[in-house]
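# Structure assessment
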Amino acid sequence: MADQRSGRGRGRFRGGGSRRTTVPAEPPADGRCVPFLLLPLLMLALGILLNVTTFSEITGAPFFAAAPLVTAPFCTRGVTVGTGLIATALFAALLLLDGPSDLLDDSMRTLTVATVSALAVFISGIVRRSGAALDSARIIAEAAQRAVLPLPPPRIGRLEFAARYKAAQTGARIGGDLYAVQETPHGTRMLVGDVRGKGLGAVEAVVIVIGAFREAAEQEDTLEAVAGRLEGALRREGDRRRGLDQYEGFTTAVLVEVPAEDPGVLRVVNRGHPAPLLLKSDGFPSYIEPRVPALPLGMPELGEWPDRADEVPFPPGAHLLLYTDGLSEARGEGSGVFYEPSRRLAGCAFDGPDGLLDALVADVEAYTGGRITDDMALLVARRRGRL
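Everything numeric in this text was worked out from a predicted model, so none of it was measured.

This part is about the nonpolar core. Counting residues in each nonpolar core, the largest one holds 49 residues, and the members touching the most others are Met190 and Leu255. In terms of residue count, the dominant contributor to this core is helix H6 (residues 199-219) (nine residues). Those residues in contact with Met190, other than ones at most four positions away along the chain, are Phe161, Ala180, Val181, Phe213, Val254, Leu255, Val256, Val258, Leu322, Leu379 and Ala381. In this structure, Leu279, Phe350, Leu357 and Tyr367 belong to the second largest nonpolar core, which totals 22 residues.

Shown next, in the form of C-alpha cells:
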C-alpha cells in the first residue's frame, strides 16, 4: 500500500487521494447493443448457409426468424425493426433465387419470418419500458437514500467528513446500515449502526434510530444520555409491533462525540458494534475498544447497565473510521479470510476522508473479487490541524 503523499508505506491500495469516485455515464442503448449484434448476424449467416446448401424443402426460416428475436432484449426498437426487415427481405430473396416452387408455401414461410419479426419489435418495446421503470425505481431509491442517509457536511469546524454506503446487492440503495453526523451545542456527534434484518422493516428501524439520534444529540448533555434515548426509541418500536421484533430486534451502534470545548478528544459509546479505527498521521491505526463491552441497542430483556463513554486522544491529522460489519466480515476471494481494516490500512497516509474511503472501497472490492455479501456503511472524520 503506497503512501499517497510521500510514497512511503507498504503498498496494498491502488487508489487514493482526495478525489471522489466518479461513476461513468451509462452508454446509450445503441452503444450497448453493438457487441450483441454478432448474434443476429450469426443467425442470418446460418440461415443463408442452410438455404444455399440444402434441398429446397429445407430452409433457414428458423434462423431468419431468430435474428430479430435475439436482437430485441439488447438493442433499441429501431435496431430490432431493421434486423427484422433485413431477415424477411433476405429470406424472400433466397426463396426467389431458388427458382420455381410452391408460391403459397413460400409466402407462408416468409409471412412467418415477418410475423416473428413483428413480435420481436413488440418484445423490444416491453424491454425498453421495463428498463425505464427500473431506472425510475433506482432514481426513487437513490432519492430515498439521500433523504434517510444524507451525506454529512464536508466540514464542521476543525473536522472534515466523508461517508459511503456500499450495497451488497446490485442496484440496491437502502438497507439496515446507517450513519449520521450532527453538529450540536455540545460538540459534533456521530452515529454508525447496523439494524438486524433486511427489507422494509430494517429501513423503518433505520429511520427511527436516525430520527431519535438527531433529536437526542441536540438535547442531551452527554453521549451516554443519547444512547439511552436510542434505547428507549427502539423499545417503544418493539412494543408497538408486538411481534418477533419485540424480542429479537436489535441494533448495534457506535456513538462518537468530539466535544466543543476540546476537539482533541474523542468520546465513544459502543453498543455491540465493531470498534472504530483511529488512523494517526504516523500511518499506524489502532482500534478504540470499549473498556466494558455492552449489548446492542434494543435488548433490555438480557440486562441493563449504565453506558460509560471511553475517551481517547484525537490528534491533528488523524482519521477516525466508523464502519459496519460488512467491512470487517468481507471475505477474501479464494481464501475466505475476513478483511482486516487495521492491517490493510497500516502504513498508509491519505490527504482527506474522501481519499481514504475511495481507496478503502476499491481495496475491499479487489480483496473480495467484487463479491461483497453484506452492505457497508462507512463514515470518516478527520481532525484538521488548523481552522
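So, about the side chain of Arg344. Along the chain, Arg344 turns up in helix H10 (residues 341-345). In this structure Arg344 comes out as buried when scored by relative accessible area, which is 11%. In this structure the side chain of Arg344 is engaged in a polar contact, spanning 2.9 Å, whose partner is the side chain of Asp363.

The next thing to look at is a nonpolar patch on the surface. A cluster of nonpolar side chains, namely Leu42, Leu46, Ile48, Leu49 and Val52, defines an oily patch on the protein surface of about 400 Å² accessible area. Positionally, Ile48 belongs in helix H2 (residues 38-53).

Another point: the pairing of strand E11 (residues 376-383). In terms of burial, E11 is largely enclosed, as eight of its eight residues are buried. By the alternation rule, side chains of E11 split into Met376, Leu378, Val380 and Arg382 and Ala377, Leu379, Ala381 and Arg383, which are all buried. Bridging between strand E2 (residues 159-166) and E11 involves eight bridges; their strand directions are antiparallel. Within the sheet, the bridge partner assigned to Leu159 lies in E11 and is Arg383.

Okay, the sheet that holds strand E3 (residues 177-184) next. Paired through their backbone hydrogen bonds, the strands of a sheet run either parallel or antiparallel. Ordered by their spatial adjacency, five strands build an open sheet running E3-E4-E5-E6-E9, and the pairing between neighbours is antiparallel. Strands with a single pairing partner mark the edges of an open sheet, and in this sheet they are E3 and strand E9 (310-313). Pairwise comparison of adjacent strand axes, ignoring direction, gives a mean angle of 20 degrees for this sheet.

Moving on: the environment of Arg229. Tracing the sequence through the fold places Arg229 in helix H7 (residues 223-241). With residues near it in sequence (within four places) discarded, Arg229 still touches Glu215, Ala216, Gln219 and Glu220. At 3.0 Å, the side chain of Arg229 forms a polar contact with the side chain of Gln219.

With that settled, the discussion passes to the sheet that holds strand E1 (residues 155-156). With respect to topology, six strands assemble into an open sheet ordered E1-E2-E11-E10-E7-E8, the strand pairing being antiparallel. Bordering the open sheet on either side are E1 and strand E8 (285-287), each of which pairs with just one other strand.

Moving on, we get to helix H11 (residues 353-368). Taking 1.5 Å per residue as the helical rise, H11 with its 16 residues ought to reach 22 Å, and the 22 Å between its terminal C-alpha atoms agrees with that figure. Of all 16 residues making up H11, 13 are buried, and the element is well covered by its neighbours. Gly369 sits one or two positions beyond H11 and adopts a positive phi of about 70 degrees.

This paragraph deals with the pattern of salt bridges. The final tally for this structure, using the stated rule, is 16 salt bridges. Residues Asp358 and Arg164 are paired through a salt bridge, measuring 2.6 Å at the closest nitrogen-oxygen approach. Here Arg164 lies in strand E2 and Asp358 lies in helix H11, a separation of 194 residues in the sequence. Residue classification places Asp358 among the buried positions, given a relative accessible area of 10%. A salt bridge links Arg189 to Glu257; its shortest N-O distance comes to 2.6 Å. Here Arg189, found in strand E4 (residues 187-195), pairs with Glu257, found in strand E5 (residues 251-259); they are 68 residues apart in sequence, far enough to count as distant. For the residue pair Arg189 and Glu257, the accessibility class agrees, reading buried in each case. Three or more residues are tied together by salt bridges with common partners; here these are Arg189, Glu257, Glu261, Arg267 and Glu311.

Now for the packing of aromatic side chains. Summed over all chains, the structure comprises two aromatic pairs. Judged by centre distance (5.5 Å) and plane angle (50 degrees), the ring pair of Phe64 and Phe91 falls under tilted. Here the residue Phe64 occupies a position in helix H3 (residues 61-71), and Phe91 occupies one in helix H4 (residues 77-97), the gap between them amounting to 27 residues. Overall, Phe91 belongs to the buried group, its relative accessible area being 0%. Note on Tyr339 and Tyr367: the rings are 5.2 Å apart at their centroids and 80 degrees apart in plane angle, and the pair reads as edge-to-face. With a gap of 28 residues between them, Tyr339 in the loop between helix H9 (325-328) and H10 and Tyr367 in helix H11 connect regions that are remote in the sequence. Just as Tyr339 is buried, Tyr367 falls in that class too.

Conventions and cut-offs
- Residues numbered from 1 in each chain as written.
- Predicted model: local features only at pLDDT ≥ 70, side-chain atom pairs only at ≥ 80, totals over all residues.
- Heavy atoms only, no water.
- Core = buried A, V, L, I, M, F, W, Y, C linked by side-chain atoms within 4.5 Å.
- Buried < 20%, exposed > 50% of the residue type's maximum accessible area, 1.4 Å probe, protein only.
- Helix = DSSP H or I, 4+ residues; strand = E, 2+ residues; numbered from the N terminus.
- Contact = heavy atoms within 4.5 Å.
- Polar contact = N/O pair within 3.5 Å; in protein donor to acceptor, adjacent residues only side chain to side chain.
- Patch = residues over 30% accessible without salt bridge, like charges linked within 9 Å, V, L, I, M, F, W, Y side chains within 5 Å.
- Areas by Shrake-Rupley, 256 points an atom, 1.4 Å probe, with all protein chains shown as cover.
- Salt bridge = Lys/Arg side-chain N within 4 Å of Asp/Glu carboxyl O.
- Pairing = 2+ DSSP bridges.
- Axes fitted to C-alpha atoms, helices over the stretch in contact; angles between N-to-C directions.
- Expected span 1.5 Å × (residues − 1).
- Phe/Tyr/Trp six-rings, centres within 6.5 Å; stacked < 30°, edge-to-face > 60°.

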